[in-house]
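Letter by letter, the chains look like this.
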Amino acid sequence: MHNFDIKNILNNIRLRFNTTTAILVYSCIFIWILEMVLNFAYPNYYSTLISYTAFLPITALQTPWTWFTSMFVHAPNLTHIFFNMLCLWSLGVELERFFGKWKFFGLYLISGFGGSVADIVWCKLTNNWFVASYGASGAIMGLIGALLVAQWRLGENMRGTIIWIAITLAMPIIVPNIAWQSHVGGLISGTAIAALLGVQNPLLKKASFNTRFLVYFVSLFAILTACAMFCLKA
């Protein structure tokens, strides 16, 4: 795997239609274009769309679909969607080849879900439930974490990836209104499932890579769900 750097990003920007990465990127771009049209022509409909797709911890139990739809909507500015999709495209080229299409999609989902759970944990700690988050950055941070684990296991240079993680985690200090807790939750979730796949678990000694991924995916999903429910109900 290559380092997550600008040269690698530019080298991998090619038009694709038959990969999970492409489907995710094009879906996010299509939804963002729809957002912009509504925001310009029908602002009330735009507000409704965001209210039913962005993740709001205080209504998380009433709108459970937003735990996942929030990964596909973005702020009404070009910067948010552009950099998220640039990162997703570059990471997807490497990770989808390594994990396979469906496992890569699972990694994306569990990382984004981990970001939503981190939002809930933070709300519980601060007792401030009126915050909302949306965007693919939490899921992308999980992909970066998985890439870091893969590079470490393959003995490759991790410097570029570590720099990108540091920059992303430090961005809220410079740019306001960034849900940094989603970044942290996504990073932890993606790193955890990638690390678990490399552990020699005697219970899964004869299991295939697909089976081990499914077991760890379901286990991590259950743990994250239990953590979220504890914070929401406590």
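Quick caveat: nothing in here was measured; it's all calculated off a predicted structure. (Residues numbered from 1 in each chain as written. Predicted model: local features only at pLDDT ≥ 70, side-chain atom pairs only at ≥ 80, totals over all residues. Heavy atoms only, no water.)

**Things to note about the overall build of the protein chain**
Part 1 of the reasoning: A tally of helices and strands in the protein chain yields ten helices and zero strands.
Part 2 of the reasoning: Beginning at the N terminus, the succession of helices and strands in the protein chain can be written as α-α-α-α-α-α-α-α-α-α.
Part 3 of the reasoning: The C-alpha radius of gyration computed for the protein chain amounts to 18 Å, which stays within 12% of the reference 17 Å derived for 234 residues, consistent with globular compactness.
Part 4 of the reasoning: Considering only C-alpha atoms, the protein chain reaches an extent of 55 × 45 × 35 Å along its principal axes.
Part 5 of the reasoning: Sequence-distant contacts, at least 24 apart, represent 78% of the contacts inside the protein chain between residues at least 6 apart.
Part 6 of the reasoning: In the protein chain, the 13 positive side-chain charges and the 6 negative ones have mean positions that sit 11 Å from each other. (Helix = DSSP H or I, 4+ residues; strand = E, 2+ residues; numbered from the N terminus. Rg over C-alpha atoms; globule rule 2.2 N^0.38 Å. Contact = heavy atoms within 4.5 Å. Lys, Arg positive; Asp, Glu negative; His and termini not counted. Charge placed at Lys NZ, Arg CZ, Asp CG, Glu CD.)

**Some points on the UniProt feature "transmembrane region" (unreviewed entry) in the protein chain**
Part 1 of the reasoning: Look at the UniProt record and you will see "transmembrane region" (unreviewed entry) annotated at residues 21–42, 71–92, 104–122, 128–150, 162–180 and 213–232.
Part 2 of the reasoning: Secondary structure across residues 21–42 comprises 95% helix and 0% strand; the distance between its end C-alpha atoms is 30 Å.
Part 3 of the reasoning: As annotated, residues 213–232 has a helix share of 100% and a strand share of 0%, and its two end C-alpha atoms lie 28 Å apart. (UniProt positions renumbered as here; feature names shortened; annotations may be inferred.)

**Let's talk about the nonpolar core**
Part 1 of the reasoning: Of all hydrophobic cores here, the largest spans 51 residues; its most connected members are Leu88, Leu95, Phe99 and Tyr108.
Part 2 of the reasoning: Elements with a minimum of two residues in this core: α2 (20–41), α5 (78–99), α6 (101–126), α7 (137–154), α9 (180–197) and α10 (209–233).
Part 3 of the reasoning: Every residue in contact with Tyr108, bar those within four places of it in the chain, is listed here: Leu24, Cys28, Met71, Phe72, Leu88, Ala136, Ala139 and Leu143. (Core = buried A, V, L, I, M, F, W, Y, C linked by side-chain atoms within 4.5 Å. Buried < 20%, exposed > 50% of the residue type's maximum accessible area, 1.4 Å probe, protein only.)

**Some thoughts on the environment of Glu96**
Part 1 of the reasoning: Position of Glu96 relative to the elements: it lies in helix α5.
Part 2 of the reasoning: Taking the relative accessible area as the measure of exposure, Glu96 reaches 9% and is therefore buried.
Part 3 of the reasoning: Within the local environment of Glu96, its side chain forms a polar contact with the side chain of Thr21, the two groups lying 2.6 Å apart. (Polar contact = N/O pair within 3.5 Å; in protein donor to acceptor, adjacent residues only side chain to side chain.)

**Some details on the packing of aromatic side chains**
Part 1 of the reasoning: Evaluation of the coordinates by the stated rule reveals 14 aromatic pairs.
Part 2 of the reasoning: An angle of 65° between the planes, with centres 5.3 Å apart, marks the rings of Phe55 and Trp67 as edge-to-face. With Phe55 in the loop between α3 (43–53) and α4 (66–69) and Trp67 in helix α4, this residue pair connects regions lying twelve residues apart in the sequence.
Part 3 of the reasoning: We classify Trp67 as buried; its relative accessible area is 5%.
Part 4 of the reasoning: Plain terms: the ring middles of Phe82 and Phe83 are 5.3 Å apart, the flat faces sit at 80° to each other, and that makes the pair edge-to-face.
Part 5 of the reasoning: We classify Phe82 as partly exposed; its relative accessible area is 45%. (Phe/Tyr/Trp six-rings, centres within 6.5 Å; stacked < 30°, edge-to-face > 60°.)

**Notes on the packing of α9 against α10**
Part 1 of the reasoning: As a packed pair, α9 and α10 sit with axes 10 Å apart at the nearest point and diverge in direction by 140°. You can see that α9 and α10 cross each other, and the crossing is right-handed. Contacts from Ser189, Ile193, Leu196 and Leu197 in α9 reach Phe209, Arg212, Phe213, Tyr216, Phe217, Leu220 and Leu224 in α10. (Axes fitted to C-alpha atoms, helices over the stretch in contact; angles between N-to-C directions. Left-handed = near helix turned anticlockwise from the far one by under 90°.)

**What to know about the environment of Leu214**
Part 1 of the reasoning: Relative to the elements of secondary structure, Leu214 occurs in helix α10.
Part 2 of the reasoning: For Leu214, a relative accessible area of 53% corresponds to the exposed category.
Part 3 of the reasoning: When the C-alpha atoms of Leu214 and Thr59 are compared, they prove to be 29 Å apart, with 155 residues separating the residues in sequence.

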